[in-house]
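This is what each chain is made of:
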Amino acid sequence: MNRRDMLISGLAAAGTSLLPGNSNATAKQNKMTQVGVFPPGFLWGAATSAYQIEGAYREDGKGESNWDRFVLAPGKIKNGNTANVACDSYHRYREDIALLKALNLKSYRFSIAWTRIQPTGIGAVNQKGLDYYKRLTDAILEAGIRPFPTLYHWDLPQELEDRGGWPNRDTAYRYAEYVDIVLKALGDRINNWSLFNESKAFTQLSYWLGVFAPGRKDPLAFLKATHTVNLAHGLGFRAIKAVNPKINVGSVFDVSPHVPATDSDADKAATSAMEKLSNTWFAESILTGEYPDGVLPPDQQAALLGFQTGDDKIMHADLDFVGLNYYSLTRVTATKESNGIPGMHLKADWAVGPYEKTDSDWVIYPQGFYDILKRMQLITGHRPIEIAENGAAYNNQPDASGQIHDPKRIEYLRSHLNALSRAIADGVPVRAYHCWSLMDNFEWAEGYSQRFGLTYVDFENNQKRTIKESGYWYAKVAKENKVI
Ligand code: GCO
């Protein structure tokens, strides 16, 4: 199952009249600003994550993660792939930093594997793991690039998964301890940290839909997981500030404009609820200490989440910046049957509509990038925004001369960067853009079947990296600070 086929897929193609379009206001603004031109000092980067690129899954004292375990279960990952080796970036990180340099990038978003730092997620620190991230960070800094780590990009120590994973409230406290260890070791050389990657995606896909590790299909466990993750945000935020209050702390949220499948009242109401559960359930709750109304039945909410007195204070974190990931659009339909969340009768899907799609079957909708930035600004306010991910899967292979022509990725990036520049011109304070991804890598349940990289990785032939045509194009954009 494509991991983005949220809830039940297979929505009948519906009319498009309700899709957010190019408003007149936007058209007017376009005339006044130069589309595709970015403010001076705008930061260009690329993103990866530990489990997707590092490999070395048992090296230097690393413990087992939930993904190390999950990939072994038959039928969970396309072609039975694992990330035991992945891009072998654990050993080739210098090569990968050289790629960033060749692409003229000034920010590298990577993630830290908890299991390298605390093999079981509890107690004992593995010094070799900390040393690895020190070496990596120092090499990034030497290259004149900003290190921009994410503390949690989905690879939970298996021991903690065995103890209940994110639905278990205690995991939030384990997470804060891990954050404290990492910051004490690396806080002297890294100034910007993200607490989590895509809280919505991993809680839904791991505990509700069962397509990510550990593969549970339990909507009520999912709700509990969302609350634990929100608590972990507040605890992690304060753990970092206790090490050094000057360090900037943010978190990365995956966001998508939600549109009703038809203009019926039922579809509109369903869209409003699902939109909040997806876009604001984490960001707004963390920033305000309160969950948005209109998602769960008020009289059941505390019990469903395991919300205890004082949790509003624990989960509250006045983040210094917000990371946003944008890929596609979500369409929502009201249904008769429940989707397992009390009070919710709907299904949502983002792979429908009369649009062109990427190779992973995701609808291409650049206007959605503009729309969601304007929407999220209502929640994030004055805080600087960093685009932590945006990109597309196109599976072009090397031609006879070994070059990779991927014109559709260039087109995808061009249209999305143009939309981003319009949002900035219209007042959304975005200061950085990271393309997903620096290189082809392990795409979770899709294994190696989907290539998101600016760089081609030959997984069969010694991991050879080759910059794609889109990589050269993006390098020029980064250098000139404008879309070409
Ligand atoms: C995500 C993750 C990445 C993915 C990328 C493409 O957004 O799901 O942060 O790990 O690989 O988004 O699916």
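Because the structure is predicted, anything quoted here is derived from the model rather than measured. (Residues numbered from 1 in each chain as written. Predicted model: local features only at pLDDT ≥ 70, side-chain atom pairs only at ≥ 80, totals over all residues. Heavy atoms only, no water.)

## A few points about the overall build of the chain
Working step 1: Across its full length, the chain carries 17 helices and 13 strands.
Working step 2: For 484 residues, the compact-globule estimate of 2.2 N^0.38 gives 23 Å, and the C-alpha radius of gyration of the chain, at 21 Å, lies within 12% of that figure.
Working step 3: Structurally, the chain occupies a C-alpha span of about 55 × 55 × 45 Å along its principal axes.
Working step 4: Counting over 484 residues, the chain shows a buried share of 62%.
Working step 5: Partitioning the contacts of the chain with sequence separation of at least 6, the portion at a separation of at least 24 is 77%.
Working step 6: When the accessible surface of the chain is totalled, it reaches about 17300 Å², and 51% of it is carbon and sulfur.
Working step 7: Mean positive and mean negative side-chain charge positions of the chain (53 and 54 charges, respectively) differ by 3 Å. (Helix = DSSP H or I, 4+ residues; strand = E, 2+ residues; numbered from the N terminus. Rg over C-alpha atoms; globule rule 2.2 N^0.38 Å. Buried < 20%, exposed > 50% of the residue type's maximum accessible area, 1.4 Å probe, protein only. Contact = heavy atoms within 4.5 Å. Areas by Shrake-Rupley, 256 points an atom, 1.4 Å probe, with all protein chains shown as cover. Lys, Arg positive; Asp, Glu negative; His and termini not counted. Charge placed at Lys NZ, Arg CZ, Asp CG, Glu CD.)

## Overview of the packing of aromatic side chains
Working step 1: Inspection of every chain in the model, using the stated rule, returns 43 aromatic pairs.
Working step 2: Taking the centre distance of 6.0 Å and the plane angle of 80 degrees together, the rings of Trp44 and Tyr474 count as edge-to-face. Taken together, the residues span a long stretch of sequence, with Trp44 in strand β1 (residues 43–47) and Tyr474 in helix α17 (residues 469–480) at a distance of 430 residues. Each of the two residues, Trp44 as well as Tyr474, counts as buried.
Working step 3: Here the aromatic rings of Tyr326 and Phe369 are separated by 5.1 Å at their centres, their planes lie at 10 degrees, and the arrangement is stacked. Taken together, the residues Tyr326 in strand β7 (residues 321–326) and Phe369 in helix α15 (residues 367–380) connect sequence positions 43 residues apart. Here the two residues Tyr326 and Phe369 agree in accessibility, since each one is buried. (Phe/Tyr/Trp six-rings, centres within 6.5 Å; stacked < 30°, edge-to-face > 60°.)

## Some words on the pairing of strand β11 (residues 430–436)
Working step 1: β11 sits mainly inside the fold: 6 of its 7 residues count as buried.
Working step 2: When β1 meets β11, the two strands line up parallel, connected through 5 bridges. Pairing of Ala46 across the sheet is with Cys435, part of β11.
Working step 3: Inspection of the sheet shows strand β10 (residues 385–389) paired to β11 by 3 bridges, in the parallel sense. Along β11, the bridge assignment pairs Glu386 with Ala432.
Working step 4: Viewed along the sheet, the connection from β10 through helix α16 (residues 407–425) into β11 turns out right-handed. (Pairing = 2+ DSSP bridges. Right-handed = clockwise from strand over helix to strand, strands pointing away.)

## Some words on the sheet that holds strand β6 (residues 258–260)
Working step 1: On the basis of which strands lie adjacent, the open sheet formed by 3 strands has the order β6-β8-β9 and mixed pairing. With one partner strand each, in any of the chains shown, β6 and β9 (346–349) form the two edges of the open sheet. Pairs of neighbouring strands in the sheet enclose a mean axial angle of 30 degrees, with direction left out of account.
Working step 2: The pairing of strand β8 (residues 330–334) with β9 spans 4 bridges and is classified as antiparallel. By the bridge assignment, Val332 is partnered in β9 with Ala348. (Axes fitted to C-alpha atoms, helices over the stretch in contact; angles between N-to-C directions.)

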